[in-house]
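# Analysis of the macromolecular model
Spelled out, the chains give:
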Amino acid sequence: MPRIRAETYERVMRDHGFADEIAVAATSYSEEGGHRGARELLSRSPRPTAIFAGSDEAALGVLAALHEAGLSAPGDVSVAGYDNTRRTTR
């Protein structure tokens, strides 16, 4: 299932004329994976203006990486997650 998300992203980007803008950081769909992936993407030039995380948990890691880099969402980089995960604390 996870590969379907990446393949769909790549197809839609190509279909809309953004083939040169495709950037994928393959990590796990966890908070740690989102953090690692975002750090990788943020180190590239040009820096992305948006990051789509493959899960909401990964999006939390993306937000942490943005904060550590002194960037904000959505001011500097837009962030979207996927799957409507509800995080609870106990």
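Anyway, here's the lowdown on the structure attached to this text. The numbers attached to residues start from 1 for each chain and follow its sequence in the written order. Reporting of local features is limited, given that this is a predicted model, to residues whose pLDDT is at least 70; pairs of side-chain atoms are given and counted only at 80 or more, and all residues count toward the totals for whole chains, interfaces and linings. Only hydrogens and water are set aside when side-chain values are computed; all heavy atoms of the structure are taken into account.

The next point concerns the nonpolar core. Core analysis: the largest hydrophobic core is formed by 13 residues, its most contacted members being I51, V62, L66 and V77. Secondary-structure elements contributing two or more residues to this core are α2 (31-42) and α3 (56-68). Only DSSP runs of H or I with at least four residues qualify as helices, and only runs of E with at least two residues qualify as strands; both kinds are numbered from the N terminus onward. A per-element tally of this core places α3 first, with five residues. By definition in these notes, contact holds between two residues if any of their heavy atoms fall within 4.5 Å. Residues contacting V62, with those up to four places away along its chain left out, are G34, H35, A38, I51, A53 and V79. What makes a nonpolar core is a set of buried Ala, Val, Leu, Ile, Met, Phe, Trp, Tyr and Cys residues whose side-chain atoms join them at distances within 4.5 Å. When accessible area is computed with a 1.4 Å probe and restricted to protein chains, residues below 20% of their type maximum are described as buried, those above 50% as exposed, and intermediate ones as partly exposed.

Right, let's talk about the side chain of S30 for a bit. When you line up the elements, S30 lands in the loop between α1 (2-15) and α2. Think of a polar contact as two N or O atoms within 3.5 Å of one another; within protein, one of them needs to be a possible hydrogen donor and the other a possible acceptor, and neighboring residues in sequence only count if both atoms come from side chains. One polar contact links the side chain of S30 to the main-chain amide nitrogen of G33, over a distance of 3.0 Å. Setting aside residues no more than four positions away along its own chain, S30 makes contact with S55, E57 and A58.

Here an axis means a line fitted to C-alpha atoms, over the contact stretch when the element is a helix, while the angle between two N-to-C directions is reported on a 0 to 180 degree scale. Direction vectors running N to C along α2 and α3 enclose 45°, while the axes themselves pass 6 Å from each other. The pairing of α2 with α3 is recorded here as oblique in orientation. Crossing of α2 against α3: the hand is right-handed. When α2 is examined against α3, the residues E31, G34, H35, A38, R39 and L42 are found in contact with a partner set consisting of E57, A58, L60, G61, V62, A64, A65, L66 and E68. When describing relative orientation, an angle under 35 degrees is termed roughly parallel and one over 145 degrees roughly antiparallel, while 65 to 115 degrees is termed roughly perpendicular and anything else oblique. By the definition used in this description, the sense in which the near helix is turned from the far one sets the handedness, with an anticlockwise turn below a right angle giving left-handed and a clockwise turn giving right-handed.

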